[in-house]
Amino acid sequence: METPNFSIEFFPPKTPEGAEKLRATRAKLSELHPKYFSVTFGAGGSTQQGTLDTVLDILAAGEQAAPHLSCVGGTRESIRAVLNQYKSHGIKRLVALRGDLPSGYGASGEFRYANELVEFIRAETGDWFHIEVAAYPEVHPQARSPQEDLQNFARKVKAGADSAITQYFYNADAYFQFVDETRKLGLDVPVVAGIMPITNYTQLMRFSDMCGAEIPRWVRLKLASFGDDSDSIKAFGLDVVSQLCERVLAGGAPGLHFYSMNQVQATTALWRRLVK
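Figured I'd write up the structure that's included with this text. Keep in mind that this is a model prediction, so the values were computed, not measured.

**Structural notes on the side chain of S260**
Then comes step 1: For S260, the position within the fold is in the loop between strand 8 (255–259) and helix 10 (265–274).
Then comes step 2: In this structure the side chain of S260 is engaged in a polar contact, spanning 2.7 Å, whose partner is the backbone oxygen of E9.
Then comes step 3: Beyond its immediate stretch of four places on either side in the chain, S260 contacts I8, E9, F10 and T267.

Encoded structure:
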């Protein structure tokens, strides 16, 4: 098969040791030639400096980087300053998100929704940035209905988003259905499939409960049956997720965005399956 466009996500490390480890991880994953690496943005802007530092490390290594930018805690003045900083470093791609309020966090800032943030970025910077937004094939956990969620996505696209990255999923039909519904609304932006490797059952269950991603019953039962046998969990997870990737690519997905969790092995193993 042709090599699709794909990207890899990191989160900013919190310690110098973590930063060194991530450099080694990024160097290994660079051998797969991703289109870019994205770097997440902490709740309430808690990792804003970490995001920038990680992005600058990636740029210094000659790779493309896309920082995440969140509404949470942001003012027009603070977001304008961040945008100018990214522009000054030649960064051309952003992932614009509403973001989740951390527990106990008060005011959400001047931007309530991602479409407002996208609109502001466009007004401030024109077409300088390629703006990615989030999409939820299985419906955002806080949306009141699938229809409302789809309209929220439409608002982000109409505000100026260039493309979208989905929340991870394990049901390809949910992805295809979502894309079909966006096309019926006249939205023609590429919708890249977000992919979460399966390496740890407990961690996967916790993440999925938080973000509303469904783990099919047969997958959950199989993973649970392995207990603490991590090798079997990883082998089964590799089979399930590589088949998912093959199916969405064959069905027309423009690319894959791997949630690496700052690890090398799972993303590399998946990629080797896909380009065999």
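**Quick notes on the layout of surface pockets**
Then comes step 1: Considered as a void within the structure, the second largest pocket measures approximately 390 Å³ in volume.
Then comes step 2: If you trace the second largest pocket, you find 21 residues lining it, with P197, I198, T199, Q263 and A266 closest to the centre.
Then comes step 3: Only helix 7 (201–211), helix 9 (230–250) and helix 10 provide two or more residues apiece to the lining of the second largest pocket.
Then comes step 4: No other element matches helix 9, which puts five residues into the lining of the second largest pocket.
Then comes step 5: Taken together, the residues of the lining of the second largest pocket break down into 13 nonpolar, seven polar and one charged.

**Observations concerning the environment of F10**
Then comes step 1: Here F10 shows up in strand 1 (residues 5–10).
Then comes step 2: For the pair formed by F10 and R26, sequence separation is 16 residues and the distance between their alpha carbons is 8.9 Å.
Then comes step 3: Once residues lying within four places of it in the same chain are set aside, the contact partners of F10 are L22, T25, R26, L29, F37, S38, V39, T40, I58, S260 and N262.

**Digging into the pattern of salt bridges**
Then comes step 1: Evaluated as defined, the whole model comprises ten salt bridges.
Then comes step 2: For R80, the salt bridge goes to E124, with nearest N and O atoms at 2.9 Å. Taken together, the residues span a long stretch of sequence, with R80 in helix 3 (residues 76–88) and E124 in helix 4 (residues 114–125) at a distance of 44 residues.
Then comes step 3: A relative accessible area of 33% means that E124 is categorised as partly exposed.
Then comes step 4: One salt bridge connects R144 with E148, and the closest N-O pair in it is separated by 2.8 Å.

**Re the nonpolar core**
Then comes step 1: Grouped together as the largest cluster of nonpolar side chains are 81 residues, with contacts concentrated most on F153, V248, L256 and F258.
Then comes step 2: Sort the elements by how many residues they give to this core and helix 9 lands first, with nine residues.
Then comes step 3: Here V248 is in contact with F169, A172, Y175, F176, A193, A253 and L256, once residues within four sequence places are set aside.

**With respect to the packing of aromatic side chains**
Then comes step 1: On inspection of all chains with the given rule, the structure shows twelve aromatic pairs.
Then comes step 2: With centroids separated by 5.0 Å and ring planes inclined at 15 degrees, the aromatic side chains of F10 and F37 adopt a geometry described as stacked. Linking F10 in strand 1 with F37 in strand 2 (residues 36–39), this pair joins segments that are 27 residues apart in sequence. The same class applies to F10 as to F37, namely buried.
Then comes step 3: Judged by centre distance (5.2 Å) and plane angle (70 degrees), the rings of F153 and F178 are edge-to-face. A residue pair is termed long-range when its members are at least 10 positions apart, and F153 in helix 5 (residues 146–158) and F178 in helix 6 (residues 172–184) qualify at 25 residues.
Then comes step 4: Taking the relative accessible area as the measure of exposure, F153 reaches 2% and is therefore buried.
Then comes step 5: Under the relative-accessibility criterion, F178 is labelled buried at 4%.
Then comes step 6: Through pairs of rings, three or more aromatic residues link up here, namely F6, F258 and W271.
Then comes step 7: Taking the ring centre of W128 as reference, the NZ or CZ of K87 above it sits at 5.1 Å.
Then comes step 8: The lysine or arginine in question, K92, covers the ring of W128, its NZ or CZ lying 3.8 Å from the ring centre.

**Here we look at helix 3**
Then comes step 1: For helix 3, built from 13 residues, the straight-helix expectation of 18 Å at 1.5 Å per residue is met to within 8% by its first-to-last C-alpha distance of 18 Å.
Then comes step 2: Considered for burial, the residues of helix 3 that qualify are I79, V82, L83 and Y86. Along the long axis of helix 3, the arc covered by the buried residues comes to 100 degrees, so they all point the same way. The exposed residues of helix 3 that point more than 90 degrees off its buried face are E77 and S88.

Scoring rules and cut-offs
- Residues numbered from 1 in each chain as written.
- Predicted model: local features only at pLDDT ≥ 70, side-chain atom pairs only at ≥ 80, totals over all residues.
- Heavy atoms only, no water.
- Helix = DSSP H or I, 4+ residues; strand = E, 2+ residues; numbered from the N terminus.
- Polar contact = N/O pair within 3.5 Å; in protein donor to acceptor, adjacent residues only side chain to side chain.
- Contact = heavy atoms within 4.5 Å.
- 1 Å grid on protein atoms, 1.4 Å probe; cavity = no way out; pocket = protein on both sides within 12 Å on 5 of 7 lines; lining within 4 Å.
- Points joined across faces, edges and corners; volume = space filled by probe spheres on them.
- Nonpolar A, V, L, I, M, F, W, Y, C, P; charged D, E, K, R; others polar.
- Salt bridge = Lys/Arg side-chain N within 4 Å of Asp/Glu carboxyl O.
- Buried < 20%, exposed > 50% of the residue type's maximum accessible area, 1.4 Å probe, protein only.
- Core = buried A, V, L, I, M, F, W, Y, C linked by side-chain atoms within 4.5 Å.
- Phe/Tyr/Trp six-rings, centres within 6.5 Å; stacked < 30°, edge-to-face > 60°.
- Lys NZ or Arg CZ within 6 Å of the ring centre and 35° of its normal.
- Expected span 1.5 Å × (residues − 1).
- Arc of directions from axis to C-beta.

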